[in-house]
Amino acid sequence: MRRLANILLLFSLALAAPARDDSAAALQAAGEFTAATAAWTKALRDGNLTQPQREEAERQIDWMARVRLDYSLSRAALGERISKAVRDVTPEELDRWIAAGWFDKMKIDGADEFVGVSVSNLFYRHPELAARRLNAKSSVAEQKGRLEMARAITRAARAAGSPYVLPHHFQCTMTVTAKPDAAAPGALVRAWLPIPRAYPFQNEFKMEQCSPAPKEIEPEDSPIRSVYLEELAAPDQPTTFRIAYDYTAWGVHFELDPAKAQAPDLHDPALKKFTLEAPHVVFTDKILSLAHDLAGGSTNPLTRARSAYEWIAHNVKYSFAREYSTLTNISDYCLSHGYGDCGQEALLFITLCRAQGIPARWQTGWNIFPGAKDIHDWTEIYVAPYGWMPVDPWAGIFATQECDALTPGERAEVRDFYFGGLDYDRMIANCDHDQTLHPRKTSARSDDVDFQRGELESGGRNIYFDKYTYDLQVHELNEAR
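Below you will find a few notes about this structure. (Residues numbered from 1 in each chain as written. Predicted model: local features only at pLDDT ≥ 70, side-chain atom pairs only at ≥ 80, totals over all residues. Heavy atoms only, no water.)

Regarding the environment of Gly460
Positionally, Gly460 belongs in the loop between β16 (455-458) and β17 (461-463). Looking at Gly460, the relative accessible area reads 40%, which means it is partly exposed. Sequence separation between Gly460 and Lys441 is 19 residues; the distance between their C-alpha atoms is 8.4 Å. When near neighbours in sequence (up to four residues on either side) are disregarded, Gly460 contacts Thr442 and Ser443. (Helix = DSSP H or I, 4+ residues; strand = E, 2+ residues; numbered from the N terminus. Buried < 20%, exposed > 50% of the residue type's maximum accessible area, 1.4 Å probe, protein only. Contact = heavy atoms within 4.5 Å.)

What follows is the structure in structure tokens.
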């Protein structure tokens, strides 16, 4: 479905373009990336394209380059990795798995190319292979840790009569380093790095260090909060941006009662906009049908949202994803495939809620849970009289499908907690997706949906993920503020 959507897009573009662009689009749709890139490049060089057509040609060249980086495994390389990850796998068995569509693949220049995370995804999508997995990393500490944290936050919230409890203070150091060949020597490199935005349960932000000195820091209520930096690229040297900051994060637990839930006031434009379609939030027939079935005739917004959360927890498998900028409709991708990463699951949940008139929005940044630190996406929904409250669809899937060290009752505890609850091991930079950086980035974003790893450009050209590294170091501050 994903590839069909891309092909249809390319054909529609081709209809409005000169003949040489039609040829390039056809080659690209057929997976002939080398020939398509050459054709698009020739069209650009010939100078017969309108400005919109030039921009589209550049986008398609960039899209193919990004896809190549994601689909980086040949059939032979996939086999080699599988043999090191699965005990006693045979070539015939691997052939059956490939034929059955167990791996994401794309035909590029006549050869089957597989997504680089294919091996990890195999075990998420087919947990029956767990007993044959070699060198598996245990998640028992995270399972038990999340259960203990959920219980502690819930107890504290009930005792305090407040949804925001147990503040924890953190110091983070983020380093983004462009490789020596990312920009021309002496060229200005522009950088946007994510920083915590203000929430009722995330505050006391303080910038402790910034190298080079910041040019601009976005206001605390920005939907995509960043610090903007500039540095000149030195010959044969990496270009490094480093910030250090403190902030406080609170655990969240809403004591929810469906009998008290009320429909939102959609005359409020601040709420209404989060019930509308948006990039990757599209009310397809499949979405509308599923939303209707999950509602089960109920008009209660809390019950409806909970039904969508539970359905995802039981029916969508976690999988690492290709880059969001290469996809056209992420919520449909997740629903159609039955798997996705945390952001794809979040966008599916948001879409199911909005399709029922429940305000829902993006909430993302970093998960800094000990031993599981990574970029992470989840959501918020608005239900009166509670207001905005967090919902983490990934955590529902984790509790339901992956917490094999917990009892069924304990799994339900964790799953229940993350509907209206959130741990304090988060750094939240965003409250909406597909937002615009400030000052405005002049080139295409590396991630045009999310903002967690930083964004770079130089000379009006994007610096993509393969040309820089990012790192977040977290230290918990024990002293009271």
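So, unusual backbone geometry
Note that the residue after Ser211, namely Pro212, is joined by a cis bond; omega there is 0°. Summarising the element assignment, Pro212 is placed in the loop between β5 (202-211) and β6 (216-217). Residue Pro439 follows His438 across a cis peptide bond; omega there is -10°. The residue Asp236 is not glycine, and still its phi comes out positive at about 60°.

Some words on the sheet that holds β6
Spatially, the 5 strands line up as an open sheet ordered β6-β7-β4-β16-β17, and their pairing is antiparallel. Two strands bound the open sheet, and with one partner strand each, they are β6 and β17. When strand β4 (residues 188-194) meets β16, the two strands line up antiparallel, connected through 4 bridges. Bridge pairing in β16 links Val189 to Ser458. (Pairing = 2+ DSSP bridges.)

Observations concerning the nonpolar core
Counting residues in hydrophobic clusters, the biggest one holds 96 residues, and the most contacted among them are Leu193, Ile243, Phe349, Leu352 and Ile381. By size, the runner-up hydrophobic cluster in this structure holds 17 residues, among which are Ala39, Leu49, Ala57 and Val67. (Core = buried A, V, L, I, M, F, W, Y, C linked by side-chain atoms within 4.5 Å.)

Brief notes about the pairing of strand β13 (residues 387-391)
Taking burial as the measure, the 5 residues of β13 include 5 buried ones, the bulk of the element. Bridge count between strand β12 (residues 374-383) and β13: 5 bridges; the pairing is antiparallel. Note that in β13 the partner of Val383 across the bridge is Gly387.

Things to note about the packing of aromatic side chains
To describe a pair of aromatic rings, one takes the distance between the centres and the angle between the planes. According to the stated counting rule, one finds 22 aromatic pairs in the structure shown. Ring geometry for Tyr464 against Phe465: centres 5.3 Å apart, planes inclined by 45°, an arrangement best described as tilted. Like Phe465, Tyr464 is buried. Grouped by ring-pair contacts, the aromatic residues Tyr164, Tyr199, Phe201 and Phe254 constitute a single cluster. Here Arg125 stacks its cationic end above the ring of Tyr339, 3.6 Å away from the centre of that ring. Directly above the aromatic system of Phe369 lies the positively charged group of Arg146, at a separation of 4.3 Å from the ring centroid. (Phe/Tyr/Trp six-rings, centres within 6.5 Å; stacked < 30°, edge-to-face > 60°. Lys NZ or Arg CZ within 6 Å of the ring centre and 35° of its normal.)

Some remarks on the pattern of salt bridges
Oppositely charged side chains can form a pair if their charged atoms are brought close together. This model, assessed by the stated rule, comprises 27 salt bridges. Ionic pairing is found between Glu455 and Lys441, a salt bridge with its closest N-O pair at 2.6 Å. You can see Glu455 sitting in strand β16 and its partner Lys441 sitting in the loop between β15 (426-430) and β16, a full 14 residues away along the chain. The class of Glu455 is buried, set by a relative accessible area of 1%. For Lys441, a relative accessible area of 8% translates into the label buried. Note that Glu455 is salt-bridged to Arg445, the shortest N-O span being 3.4 Å. Separated by 10 residues along the polypeptide, Glu455 in strand β16 and Arg445 in the loop between β15 and β16 bring together distant segments of the chain. Here Arg445 falls in the buried class, since its relative accessible area comes to 12%. The network of salt bridges with common partners includes Glu142, Arg146, Asp392, Asp423 and Arg426. (Salt bridge = Lys/Arg side-chain N within 4 Å of Asp/Glu carboxyl O.)

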